[in-house]
Amino acid sequence: MRPQARVLWESLEFRTPALMHATERLSDEDLRWQPPNDGNPIAWLLWHIAEVEDNWVRDRLLTLPKRYPFGTSVKANRDRIWPTKTALLSYFHEVRTLSKARLDQTTEAEFDRRIDDEHFGSITVRQLWGGVVTSCAWHGGQIVLIANRLLPKGDRP
């Protein structure tokens, strides 16, 4: 893996063990529990991490159609029907495998290529991947926080 890709990959993977440890002892019911004030449940957060990581890259970098393995985007899931923990973790790991391959195939020069993004305007490929990394870190931190509130003190990550 080339140097810039390696930094992004290692940044993406840095908090993954804590995220996985936080979810391993949670039930499907725990993943669906919704925090007060309309906060997002862990199921939403896991789904969102994978969806952003996959579809932002598919849409903006690879010009491929977005894909929704659960039939819809997490943001359009108005019925709040959540996939199982097993399905969500499978999706997460599938996308992470794709990300590693995608980063591995990215040349150093490609990281400087500019792309248009509907939310951020003109950004580099490097900035897009940086957004993927920060999205995972933000939402992964929320997962750990919620898991710590759901689990008895001795079972917390």
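Conventions we followed
- Residues numbered from 1 in each chain as written.
- Predicted model: local features only at pLDDT ≥ 70, side-chain atom pairs only at ≥ 80, totals over all residues.
- Heavy atoms only, no water.
- Buried < 20%, exposed > 50% of the residue type's maximum accessible area, 1.4 Å probe, protein only.
- Helix = DSSP H or I, 4+ residues; strand = E, 2+ residues; numbered from the N terminus.
- Pairing = 2+ DSSP bridges.
- 1 Å grid on protein atoms, 1.4 Å probe; cavity = no way out; pocket = protein on both sides within 12 Å on 5 of 7 lines; lining within 4 Å.
- Points joined across faces, edges and corners; volume = space filled by probe spheres on them.
- Axes fitted to C-alpha atoms, helices over the stretch in contact; angles between N-to-C directions.
- Parallel < 35°, antiparallel > 145°, perpendicular 65-115°, else oblique.
- Left-handed = near helix turned anticlockwise from the far one by under 90°.
- Contact = heavy atoms within 4.5 Å.
- Nonpolar A, V, L, I, M, F, W, Y, C, P; charged D, E, K, R; others polar.
- Core = buried A, V, L, I, M, F, W, Y, C linked by side-chain atoms within 4.5 Å.

Draft legend 1. Spotlight on the pairing of strand 1 (residues 114-117). Taking every second residue as pointing to the same face, the buried face of strand 1 carries Ile115 and Asp117, while none of Arg114 and Asp116 on the other face is buried. Two elements, strand 1 and strand 2 (residues 121-124), share 4 bridges in a ladder whose sense is antiparallel. Following the sheet pairing, arginine 114 is matched in strand 2 by threonine 124. As consecutive antiparallel partners, strand 1 and strand 2 are separated by 3 residues.

Draft legend 2. Representation of the layout of surface pockets within the structure. There is about 600 Å³ of room inside the largest pocket. Looking at the largest pocket, it is lined by 23 residues, and the ones nearest its centre are His48, Val52, Trp56, Lys75 and His119. Contributing elements (two or more residues each) for the lining of the largest pocket: helix 4 (42-61) and helix 6 (125-150). Of all the elements, helix 4 adds the most residues to the lining of the largest pocket, at 7 residues. Looking at the second largest pocket, its volume works out to about 210 Å³.

Draft legend 3. Representation of the packing of helix 1 (residues 3-14) against helix 6 within the structure. Contact pair helix 1 / helix 6: the axes reach a minimum separation of 9 Å and the direction vectors enclose 15°. It follows from the interaxial angle that helix 1 and helix 6 lie roughly parallel. Classified by chirality, the crossing of helix 6 by helix 1 is left-handed. Residue-level inspection shows Gln4, Leu8, Ser11 and Leu12 of helix 1 in contact with helix 6, the latter providing Arg126, Trp129, Gly130, Val132, Val133 and Cys136. Across the contact of helix 1 with helix 6, the residue classes break down as 6 nonpolar, 3 polar and 1 charged.

Draft legend 4. Representation of the nonpolar core within the structure. Ile42, Leu46, Leu128, Trp129 and Ile143 are the most contacted members of the largest nonpolar core, which totals 42 residues. The set of elements that each furnish at least two residues to this core consists of helix 1, helix 2 (16-24), helix 4, helix 5 (85-104) and helix 6. The dominant element in this core, judged by the number of residues it contributes, is helix 4, at 12 residues. In this structure leucine 128 touches Trp56, Val57, Arg60, Leu61, Ile115 and Ile123, once residues within four positions along its chain are discounted.

All quantities given are derived from atomic positions and should not be read as evidence of function.
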